[in-house]
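Tertiary structure, described
Each chain, written out:
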Amino acid sequence: MDGNWAQIANIRPPKVAVALGGGGARGIAHVLALEALDEMGISPVAIAGTSMGAVIGGAYAAGIEGRAIRTHILRVLRNRSDVMSKLLRARVGRFADLVLRGRGNPVLLDPETCLDLFWPAGMPSRFEDLAIKTIVVATNYFDRKEAAYDAGPLRPAVAGSMAIPGLFRPVIFGDDVLIDGGAVNPLPYDLLFGVADIVVAVDVTFGGRSLKRRTPSPFGSMFGAAQIMQGAITAQKIKLRAPDILVRPKVEHFAVLDFFAASQILRAAEDSKEELKLKLGERIKVYRTA
């Protein structure tokens, strides 16, 4: 299945675009899709990402190969004490805010600081400096609608896209206040129609029932409810118009914050790489003979 599909005489190779959805730690599985593209010699003409999909998609669009992103993730998450130390430095709330004022979140994190701590070094500061056209989806809190960015400062847009309520502080970006893009468009493949001949979407929110049948914690139920909502939004979008290729890595049994299970998530999603290579290869053959 490996090979450079672009080397086809007298035939323009199909343009491929990729949408990477939100899903917290499950989004680590997006790396497998990017590795599949690399192994097939396919460079997407555009990437659209929401939340964790925006984080990983942004790194890939900067020219970092899928295998290198995998290595970076595993290296960063290998040392738990170092990660926790970085998270403490990214904390913006204080316990006094909760106790004395009756408001605030003592564990609230600054998403822009988290990006600086965990993104690979040397990331571009602007969309225009990325090697691949990139669209980042966030939610405009006050306007109650989707905010899609493809130009200007990169970090605040991605930080806003990943600003899960209750975990991250909202991001002020110009005149907008941004929160998690998953609230409006958890799998933004619809933004890629017309940009490419083949639109690929990687959905990490979909899945069956969890193997763990115990009652969730308040924190867990909050994130679980968000995942259910995002799955429902995506299901309705697919009914209206599905992407050309839809891949759903089998990571539904991992929680949104299971980042220290990165190795297990990658192993569980390994089959999705071959699935994408097979589906994309077949789609390219159809395109060539059309």
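Residues numbered from 1 in each chain as written. Predicted model: local features only at pLDDT ≥ 70, side-chain atom pairs only at ≥ 80, totals over all residues. Heavy atoms only, no water.

1. Remarks on the packing of aromatic side chains
Across all of its chains, the model carries three aromatic pairs by this definition. Ring plane angle 80 degrees and centroid distance 5.2 Å describe the contact between tyrosine 141 and phenylalanine 142, whose orientation is recorded as edge-to-face. You can call phenylalanine 142 exposed: its relative accessible area is 61%. Note on tyrosine 149 and phenylalanine 173: the rings are 5.0 Å apart at their centroids and 45 degrees apart in plane angle, and the pair reads as tilted. Residue tyrosine 149 is located in strand β4 (residues 145-149), and its partner phenylalanine 173 is located in strand β5 (residues 171-173); the two are separated by 24 residues in the primary sequence. We classify tyrosine 149 as buried; its relative accessible area is 13%. When the ring centre of tyrosine 189 is taken as origin, the NZ or CZ atom of lysine 237, which lies over that ring, is 4.5 Å away. One cation-aromatic arrangement involves arginine 241 over phenylalanine 193; the distance from NZ or CZ to the ring centre is 3.6 Å. (Phe/Tyr/Trp six-rings, centres within 6.5 Å; stacked < 30°, edge-to-face > 60°. Buried < 20%, exposed > 50% of the residue type's maximum accessible area, 1.4 Å probe, protein only. Helix = DSSP H or I, 4+ residues; strand = E, 2+ residues; numbered from the N terminus. Lys NZ or Arg CZ within 6 Å of the ring centre and 35° of its normal.)

2. Looking at empty space enclosed by the protein
In this approach the atoms are scanned with a rolling probe the size of a water molecule, which exposes any empty space left behind. Taken as a whole and assessed by the stated rule, the structure comprises one cavity of 30 Å³ or more. Here the largest cavity defines a volume of roughly 70 Å³. A per-class count over the lining of the largest cavity returns four nonpolar, six polar and one charged. (1 Å grid on protein atoms, 1.4 Å probe; cavity = no way out; pocket = protein on both sides within 12 Å on 5 of 7 lines; lining within 4 Å. Points joined across faces, edges and corners; volume = space filled by probe spheres on them. Nonpolar A, V, L, I, M, F, W, Y, C, P; charged D, E, K, R; others polar.)

3. Re the packing of helix α1 (residues 30-40) against helix α10 (residues 270-289)
Where α1 meets α10, the closest approach of the two axes is 8 Å, and the angle between their N-to-C directions is 45 degrees. Comparing the axis directions of α1 and α10 gives the class oblique. The handedness of the crossing between α1 and α10 is right-handed. Residues Leu32, Ala33, Glu35, Ala36, Leu37, Glu39 and Met40 of α1 pack against Glu270, Ser272, Lys273, Leu276, Lys277, Leu280 and Gly281 of α10. (Axes fitted to C-alpha atoms, helices over the stretch in contact; angles between N-to-C directions. Parallel < 35°, antiparallel > 145°, perpendicular 65-115°, else oblique. Left-handed = near helix turned anticlockwise from the far one by under 90°. Contact = heavy atoms within 4.5 Å.)

4. A closer look at the pairing of strand β6 (residues 176-179)
Note that strand β3 (residues 133-140) and β6 share two bridges and pair antiparallel. Along β6, the bridge assignment pairs threonine 139 with isoleucine 179. Sheet topology places β5 next to β6; three bridges connect them, and they run antiparallel. Residue valine 171 lies in a different strand from β6, and its bridge partner there is leucine 178. (Pairing = 2+ DSSP bridges.)

5. Re the side chain of asparagine 140
If you trace the backbone, asparagine 140 turns up in strand β3. Judged by its relative accessible area of 5%, asparagine 140 falls in the buried class. Among the polar contacts made by the side chain of asparagine 140, one reaches the main-chain amide nitrogen of aspartate 143 at a distance of 3.0 Å. A polar contact is formed between the side chain of asparagine 140 and the side chain of aspartate 176, at a distance of 3.0 Å. The contact partners of asparagine 140, leaving out residues within four places of it in the chain, are Lys145, Ala147, Asp176, Val177 and Leu178. (Polar contact = N/O pair within 3.5 Å; in protein donor to acceptor, adjacent residues only side chain to side chain.)

6. Quick word on the pattern of salt bridges
A complete count under the given rule lists 16 salt bridges for this structure. A salt bridge links arginine 169 to aspartate 110; its shortest N-O distance comes to 2.9 Å. One end of the pair, arginine 169, is in the loop between α7 (155-161) and β5; the other, aspartate 110, is in the loop between α5 (95-101) and α6 (111-118), and 59 residues separate them in sequence. Using a relative accessible area of 36% as the deciding quantity, one classes arginine 169 as partly exposed. Residue aspartate 110 is classed as buried on the basis of its relative accessible area, which comes to 14%. Within the structure, one salt-bridge network assembled from shared partners comprises Glu35, Glu39, Arg67, Arg70, Glu270, Lys273, Glu274 and Lys277. (Salt bridge = Lys/Arg side-chain N within 4 Å of Asp/Glu carboxyl O.)

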